[in-house]
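# Residue-level structural notes
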Amino acid sequence: MSQGRGSAIVGAATVVCLLLVLHLEVAQAATYTVGGASGWTFNVVGWPNGKSFRAGDILVFNYNSSIHNVVALSKAGYDSCKTPSGAKVYQTGKDQIKLVKGQNSFICNFPGHCESGMKITITAA
Ligand SMILES: *[C@@H]1O[C@H](CO)[C@@H](O)[C@H](O)[C@H]1NC(C)=O
Ligand SMILES: [Cu+2]
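I will try to describe carefully the structure that is included in this document. Quick caveat: nothing in here was measured; it's all calculated off a predicted structure.

### What to know about unusual backbone geometry
- At Asn43, a position not held by glycine, the phi torsion is positive, near 60°.
- Mapped onto the elements, Asn43 comes out in the loop between β1 (31-33) and β2 (58-62).
- Overall, Asn43 belongs to the exposed group, its relative accessible area being 61%.
- Positive phi, close to 60°, is recorded for Cys81, a residue that is not glycine.
- If you trace the backbone, Cys81 turns up in the loop between α2 (75-80) and β4 (88-90).
- Its relative accessible area of 17% is what places Cys81 among the buried residues.

Written as structure tokens, this is what we have:
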């Protein structure tokens, strides 16, 4: 009898631990406004420096959609400021993009903007 009760307690403790872990995972998802108060604009390239990002975190891109956009692309496209065909283009002016694990790269592909530092690349843990 005491053995049955023992495993019931172990079982309950396991469930509590799992719930705690799940809760922490959810609690760690963060929302970041790209570029802070200045928003998504020129020379935003250094904005990710010193920050740590996790898969599931949300980036908010605030900008004037008449003069900017957000293109999600490969690191190679990011490095060369060239938009591959099929790249996802966001253009609402207040896009929310969820980070995936690994490399996440974005540019503005209006002519010359990426070259003027309107680009970010982030590695999400
Ligand atoms: C967006 O940019 C255009 C072109 O410069 C400008 O006419 C318009 O007023 C801007 N809109 C906002 C909301 O700033
Ligand atoms: Cu732009």
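### Focus on the sheet that holds strand β3 (residues 70-73)
- The strand order β4-β3-β6-β7 describes an open sheet built from 4 strands, whose pairing is antiparallel. Edge positions in the sheet fall to β4 and β7 (119-124), since each has one partner strand and no second. Ignoring which end each strand starts from, the neighbouring axes of this sheet average 25° apart.
- For strand β6 (residues 102-107) and β7, the ladder comprises 6 bridges, and the chain directions are antiparallel. Directly across from Ser105, in β7, lies its bridge partner Thr121.

### So, the side chain of Asn69
- The topology assignment puts Asn69 in the loop between β2 and β3.
- Look at Asn69 and you get buried, because its relative accessible area is 5%.
- In terms of polar contacts, Asn69 uses its side chain to reach the side chain of Asn109, at 2.7 Å.
- Excluding residues within four positions of it along the chain, Asn69 makes contact with Trp40, Tyr63, Val89, Tyr90, Gln91, Ile107, Cys108, Asn109 and Phe110.

### A short note on the pattern of salt bridges
- Under the counting rule described, the total for this entry stands at 1 salt bridge.
- Here Lys75 makes a salt bridge to Asp79, at a shortest N to O gap of 3.1 Å. Remark: Asp79 and Lys75 occur in helix α2; sequence separation between them is 4 residues, near one turn of the helix.
- Of the residues examined, Asp79 reaches a relative accessible area of 48% and is grouped as partly exposed.

### So, the environment of Pro111
- Structurally, Pro111 is set in the loop between β6 and β7.
- As for Pro111 and Cys81, which are separated by 30 residues in sequence, their C-alpha atoms are 9.7 Å apart.

### Points about the coordination of the copper ion (ligand 2)
- Coordination sphere of the copper ion (ligand 2), protein contribution only: His68 (ND1), Cys108 (SG), His113 (ND1) and Met118 (SD), at 2.0 to 2.7 Å.
- Bound by 4 donor atoms, the copper ion (ligand 2) shows angles of 85 to 135° at the metal and therefore irregular coordination geometry.
- In primary-sequence terms, the residues that donate to the copper ion (ligand 2) follow H-x39-C-x4-H-x4-M. Note that His68 is positioned in the loop between β2 and β3 and His113 in the loop between β6 and β7, a separation of 45 residues in sequence.

### Considering the pairing of β2
- Counted residue by residue, β2 has 4 buried out of 5 residues, so it is predominantly covered.
- Of the strand pairs in this sheet, β1 and β2 are connected by 3 bridges, and their pairing is parallel. Within the sheet, the bridge partner assigned to Thr33 lies in β2 and is Val60.

The rules behind the values
- Residues numbered from 1 in each chain as written.
- Chains lettered and ligands numbered in written order.
- Predicted model: local features only at pLDDT ≥ 70, side-chain atom pairs only at ≥ 80, totals over all residues.
- Heavy atoms only, no water.
- Helix = DSSP H or I, 4+ residues; strand = E, 2+ residues; numbered from the N terminus.
- Buried < 20%, exposed > 50% of the residue type's maximum accessible area, 1.4 Å probe, protein only.
- Pairing = 2+ DSSP bridges.
- Axes fitted to C-alpha atoms, helices over the stretch in contact; angles between N-to-C directions.
- Polar contact = N/O pair within 3.5 Å; in protein donor to acceptor, adjacent residues only side chain to side chain.
- Contact = heavy atoms within 4.5 Å.
- Salt bridge = Lys/Arg side-chain N within 4 Å of Asp/Glu carboxyl O.
- Donors = N, O, S within 2.8 Å, 3.2 Å for Na, K, Ca; no water.
- Tetrahedral: all angles 85-135°; square planar, octahedral: opposite > 155°, others 65-115°.

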